[in-house]
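Examination of the molecular architecture
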Amino acid sequence: MRSTALQGRSRNGRGGARRRFAVLAVLLAAMLLAPTFPTVALVSTTITIDGAFADWARVFEDPANCVYDATGDSSSSNTDLTVVAATYDGAYLYHYVRRAATGGGAAAPDYTVYLDLDGDGRLESTDMAVVYKLTGGNTFSSGTLYRYAPADAANGDPMPGDAGKPAGSLGAQVAAAISGAGAPGGVEIEARVPLSALGVPPDTPIRMQFYSSLGSAWDSTDVVALQRYGVSVEPDRASGASADTTVTYVHTVRNLGNTLSTFVLSASSSKKWTATITLAATGAQVTTVTLAPGASVDIAVLLKVPANAPDGTRDTLTVTATHRDVPSATDPAVDITTVGPVIIIPDQYGSMAPGQTITYRNTVTNNTEETRTIALTATSDKGWPAEIRDAAAASVITSVTLAPRASTTISVLVQVPSGATLGTVNVTTIQGQVVGAPNLKGKGYDTTTARAALSVTPAAASAPAGAGSSVSYRHTVVNSWPTTRTVTLSAVSSRGWTVQVLAADGITPITTLTLGPNGAGAEVVVRVRVPAGTASGTIDDTTLTCTANPHTATAVDRTTVSSLATYGVGGFGSPQDTFQLGDIVYSRGMGLTAGTQVRFRWADPNGTVVRTSNLINADSTGVAQDAYTIGTTAPVGTWTVTLLNSSGGVIATVPFYVGYRARISALTVTGGDAVESTLTVSTTFANEGAVALANTTARWVVWRDENSDGVFGPGDGYLASDGSWQTYGTGSGYTRESAGLSVGSGAQVTLVWTAPTMSLPVASEYRLSAIWTASSGLTIARAETVFTAVPGVPWLELTLSETQVDFGDVVPGVVYERPNLGVLVRANVTFDLIKSISGAASALGLTTQLGSLFSQASGERAYVDAIRIDVPWDTDPGTYSAYVVYTVIAR
């Protein structure tokens, strides 16, 4: 007697699980009033030596260029240094010194700046020092350059920083045309030294220590190091591929810094495919490269596409170079690989004014071994007119004929209706299908946002500023027009204050921008200078006007004059009011009467006073300043700093927010680019602080920005926690929530979850936003990423470890068993697993261990069955077959 056959089937779906990548993930930490230039490593600019100091504003905003020194750490206010800074251009090294002196007088200090020209941290005989002298009236008198004579001739002298001056002495004088200028009373001076006199080229990583002296009084500062760290990996690439092939991407890694640097290389595939980094010139495998300043090297990244990669699969390969010693100096390149017989890349994004037509250019590839004719269609989810033309956009085409592995460029024209609501997002799907072979096809997507012909964002901004200081506002100007245009820029203060419009570097004055078509944009900076003596509470509205005839766009920046502000950089450039545990918070009182005494009082969120400064003299410009280092385990929340007069009366109080030193270090989305796939979200929560984060909550929302304002709000749709598509303000309000998340000090936790795509309204660009909150409700961190997904359908896959069991010859009355039969179900919906038995089951006495199962959760589910036969004695001899049928049904 012989038996038994096994069968498996799935309903309302099809087999072949496909988990496809959507798009690259970005980190952003949310801030309230963040610095205008948070990531710049070093500022290089030209300074006019005129004693005005307004051109130092950008320098004061960068921590690499300036150092704060506490007021009151010298026995005399004449020598008490408070802020020092340095910058450079192609010809000069510039110095800035600010001290706590309150006015003029016969006594004038000397300022010595020790120059470690090779940046090795030790002063040797090849290094120099410059001495700036003030006159008896405390105005700039002269500058003299000297060789440095080290006390330790063999090894050079260390630079002790704030602890004192170097051990050596001044050597021979060096000829140099040094110029300088100071403010009245000498509280500030600026000076320049020719680089030619120093014998170094521009962009040399000079280290400097500032020292002041007058009789027995002295003061010293920490070191200012003009060392820049940066790297670029270019360009981003996209390619088509077949399964079981290797794709090669070549990138250029360039050292953007001014020091010899080693960069660690990595390549991460969203599909976990194998990626190998090699030197393009030799093919040698590498994990690091060491580059001189400005030098570059080409690397080749080899990506192995697995043999079982289904058509339509998209992989995002992120190739990153990171400075070995400065992790913040890092840059990625992104390579998109699409698997399939017809490839249409890349997905494009643009914006256009209503009534105009936007033109995209996509590449169509025949990724097969035969010449193919590929029929092309373009359809828009909003019904906007779309057509496909040749590469020159001259003639309408409906197909292309391509040789094996050949490509061609097509133009996709999308017309934005004249009545389209601004902010509307339209997705045009370009489909290519091989004529005569409907299963050989591919898709690409071009996404268009209806925008004003010329726009500037944000349209309104505000910040505090002190009398005699500057404040900067950053805006993005976008040209949503079919042609390249020159945009004229101007800015006017409502109070007639001095205003500059600058390029994105915050340094270069500009009056025009040249912007490409189809949503090309550029950043500009508006810098407003508050005149000295302006009363606290004064409000100015500065209007930025951008004109490209016949279109105009404006933005208004409101500056409120404050007698107190907080800063994140010791140069006291732009105000900042959001910090993390362990940060130094700088505070400056402004508009004070010269010579008056004030105190700074710092209080935590509980109202506990954690520091009250000594009495501090306001200098001749009416400025007094202080700093406080937030403890690594201090309370989080809203802190305050209060400026008090000498009698304890309150002059002003300002709040600032202190959050945990933690972040969402990675947020990725895979899948969703095929109808069979689900979204898989991976999020890494990193706690870099000293406080353990217990019982926190993470919440995610997958949403579509229907009005293109970048904010999840009214009018937007989102994927609710029950898998339905809802509008903002209805349903659960989120896609996923995870409570009870605990991340220890110095630890990180990664959470992975999946979401169905059946309810997504259209093939489109979507956003994933994540927010991490403490048990108290305070926000720890936020992150967001953008991805492309298509509406899904329920899909099921059933796999059996064996499809036939042969028991051979059996004897009635003896039990035979085949154990450990695997039943594997993959599904993106809840399902029932139904088992049925048919055929000669009774003649064989057939039974199974596994019964029918209902309402099984989606995902990958593994079950184990066992089949037994106990042939009855009355069964006639012969060959018998029975069937155990497993059926998976979507609920």
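The coordinates are above.
A short tour of the structure in this document, coming up. (Residues numbered from 1 in each chain as written. Predicted model: local features only at pLDDT ≥ 70, side-chain atom pairs only at ≥ 80, totals over all residues. Heavy atoms only, no water.)

This part is about the overall build of the protein. Secondary structure summary: the protein contains three helices and 69 strands in total. With respect to the three principal axes, the spread of C-alpha positions in the protein is 125 × 65 × 60 Å. Across the 891 residues that make up the protein, the buried fraction comes to 50%. Counted over contacts in the protein with a minimum sequence separation of 6, partners at least 24 positions apart contribute 69%. Carbon together with sulfur atoms contributes 50% to the accessible area of the protein, which is approximately 35,400 Å² in total. Computed over 55 positive and 70 negative side-chain charges, the inter-centroid distance for the protein is 4 Å. (Helix = DSSP H or I, 4+ residues; strand = E, 2+ residues; numbered from the N terminus. Buried < 20%, exposed > 50% of the residue type's maximum accessible area, 1.4 Å probe, protein only. Contact = heavy atoms within 4.5 Å. Areas by Shrake-Rupley, 256 points an atom, 1.4 Å probe, with all protein chains shown as cover. Lys, Arg positive; Asp, Glu negative; His and termini not counted. Charge placed at Lys NZ, Arg CZ, Asp CG, Glu CD.)

The subject of this paragraph is the sheet that holds strand S43 (residues 539-548). Within the open sheet, the five strands sit side by side as S37-S44-S43-S39-S41. Their pairing is mixed. On the outer flanks of this sheet lie strand S37 (460-465) and strand S41 (512-515), each paired with one strand and no other. Averaged over all pairs of adjacent strands, the angle between strand axes in this sheet comes to 25 degrees, irrespective of strand direction. Alignment of S37 against strand S44 (residues 551-561), held across six bridges, turns out to be parallel. From the neighbouring strand, Pro464 faces S44, where its bridge partner is Thr560. (Pairing = 2+ DSSP bridges. Axes fitted to C-alpha atoms, helices over the stretch in contact; angles between N-to-C directions.)

Ranked by size, the top nonpolar core spans 51 residues in total, and within it Phe600, Ile630, Phe656, Trp700, Leu768 and Trp772 carry the most contacts. With five residues, the top contributor of residues to this core is strand S62 (residues 779-789). Discounting residues that sit within four places of it in the chain, Phe656 has contacts with Thr566, Asp577, Phe579, Val585, Trp602, Ile630, Gly637, Thr638, Trp639, Thr640 and Val641. In terms of nonpolar packing, the next biggest core, distinct from the first, is built from 34 residues, Leu81, Ala86, Ala108 and Tyr132 among them. (Core = buried A, V, L, I, M, F, W, Y, C linked by side-chain atoms within 4.5 Å.)

Glancing now at unusual backbone geometry. Look at the link from Ile345 to Pro346: it is a cis peptide, with omega at -10 degrees. Locating Pro346 in the fold gives a position in the loop between strand S27 (342-345) and strand S28 (348-352). In the segment running from Thr457 into Pro458, the intervening peptide bond is cis, with an omega of -10 degrees. The phi torsion at Ala393 lies on the positive side, around 60 degrees, for a residue other than glycine. Within the fold, Ala393 resides in the loop between strand S31 (386-389) and strand S32 (399-402). Judged by its relative accessible area of 17%, Ala393 is buried. Look at Arg405: it is not a glycine, yet its phi comes out positive at around 65 degrees. Residue placement: Arg405 occurs in the loop between S32 and strand S33 (407-415).

Below, the discussion takes up the sheet that holds S28. In a beta sheet, neighbouring strands pair by backbone hydrogen bonds and run either parallel or antiparallel. One open sheet accounts for five strands, arranged S28-S35-S34-S30-S32; its pairing is mixed. Edge strands, defined here as strands with exactly one partner in the open sheet, are S28 and S32. Neighbour-to-neighbour, the strand axes of the sheet open up by a mean angle of 25 degrees, direction not taken into account. In this structure, strand S30 (residues 372-380) lies alongside strand S34 (residues 425-434), joined through seven bridges in antiparallel fashion.

This brings us to the pattern of salt bridges. Considering all chains together, one arrives at 25 salt bridges under this definition. In this structure, the salt-bridge partner of Arg527 is Glu61, at a minimum N-O distance of 3.3 Å. Residue Arg527 is located in strand S42 (residues 520-529), and its partner Glu61 is located in the loop between helix H1 (57-60) and strand S4 (66-68); the two are separated by 466 residues in the primary sequence. The buried category is assigned to Glu61, whose relative accessible area is 7%. Taking the shortest distance from any N to any O, the salt bridge between Arg767 and Glu784 comes out at 2.8 Å. With Arg767 in strand S61 (residues 764-773) and Glu784 in strand S62, this pair connects stretches of sequence that are 17 residues apart. Classification of Glu784 as partly exposed rests on a relative accessible area of 23%. (Salt bridge = Lys/Arg side-chain N within 4 Å of Asp/Glu carboxyl O.)

As a further point, take the packing of aromatic side chains. Applying the stated criterion across every chain, the model contains 25 aromatic pairs. Ring geometry for Tyr114 versus Tyr148: centroids 6.1 Å apart, planes at 85 degrees, classification edge-to-face. With Tyr114 in strand S7 (residues 110-116) and Tyr148 in strand S10 (residues 140-149), the pair connects residues that are 34 residues apart, well separated along the chain. Ring-pair connections join several aromatic residues into one group, and the members of that group are Phe579, Trp602, Tyr628, Trp639 and Phe656. Just above the ring of Tyr92 sits the side chain of Arg192; from NZ or CZ to the centre is 4.0 Å. (Phe/Tyr/Trp six-rings, centres within 6.5 Å; stacked < 30°, edge-to-face > 60°. Lys NZ or Arg CZ within 6 Å of the ring centre and 35° of its normal.)

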